[in-house]
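Chain by chain, the residues run as shown.
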Amino acid sequence: FYLRIWVILAITLGLGILSYDLISTGHELTLGLFEFDKSILLLFGILLVRWFLTLFANTNGITGGIFLPIIALGAVVSSIFGNICVKHLGLGQEYYTVILALGICACISGMMKMPLTAVFFGVEALSCYENIIPVIIVSAVAYSITEVLGLSSINDSVIEARNEETFRSSRPVVKDTHVTVAEGSFAVG
């Protein structure tokens, strides 16, 4: 167990020397993606590195959170899609920011099963209420797809795995007790 932690730490430190975008929580990376200045190949590299680091950290129980790293992954995937739309499909560059924000909303709603948080994020990220209908539609579609496919929230999966690992060696104890409730108590019945 400790060897895996040291290996992940060494890999993370090595990658962090190359670029902070590869190992950070993802906040600065996500903000930087709104600038539309990264190549598609660089974005694919960031996606692969962040995906594997997040996966290895979470499966080995050494992460402090999952919300921002998942948003960063959603932002990178959305940025790749936005770059393809702008550079290769002829979509105007002014739509890149909207694609990025809607992609992050879909990620929050679908992967984390938090559609209301996704809508609030989308309205805040796009800085106006005129885009609330597309934000709601994207969030609802992403959530619906994961519900139809029977996928669980990544947060629930991580918590379930941690609980299973924590309580693997313990056995549940069931105790049957009786309590006398005073007459007129709210607990009567």
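An account of the accompanying structure is given in this report. Predicted model only: the values in this text are computed from it and were never measured.

Okay, the environment of Lys87 next. Along the chain, the position of Lys87 falls in helix H4 (residues 67-87). When the C-alpha atoms of Lys87 and Ile40 are compared, they prove to be 9.8 Å apart, with 47 residues separating the residues in sequence. When residues no more than four places from it in sequence are discounted, the contact partners of Lys87 are Phe36, Lys38 and Ser39.

Now for the state of the cysteines. Here a disulfide denotes a covalent bond joining the sulfur atom of one cysteine to the sulfur atom of another. Counted under the stated rule, the structure contains 0 disulfides. Distance from the sulfur of Cys85, which forms no disulfide, to the nearest cysteine sulfur (Cys105) is 16 Å. Overall, the relative accessible area of 8% leaves Cys85 in the buried class. The thiol sulfur of Cys105 is not disulfide-bonded, and the nearest other cysteine sulfur, from Cys107, lies at 9.9 Å. Looking at Cys105, the relative accessible area reads 0%, which means it is buried.

Parameters and conventions
- Residues numbered from 1 in each chain as written.
- Predicted model: local features only at pLDDT ≥ 70, side-chain atom pairs only at ≥ 80, totals over all residues.
- Heavy atoms only, no water.
- Helix = DSSP H or I, 4+ residues; strand = E, 2+ residues; numbered from the N terminus.
- Contact = heavy atoms within 4.5 Å.
- Disulfide = S-S within 2.5 Å.
- Buried < 20%, exposed > 50% of the residue type's maximum accessible area, 1.4 Å probe, protein only.

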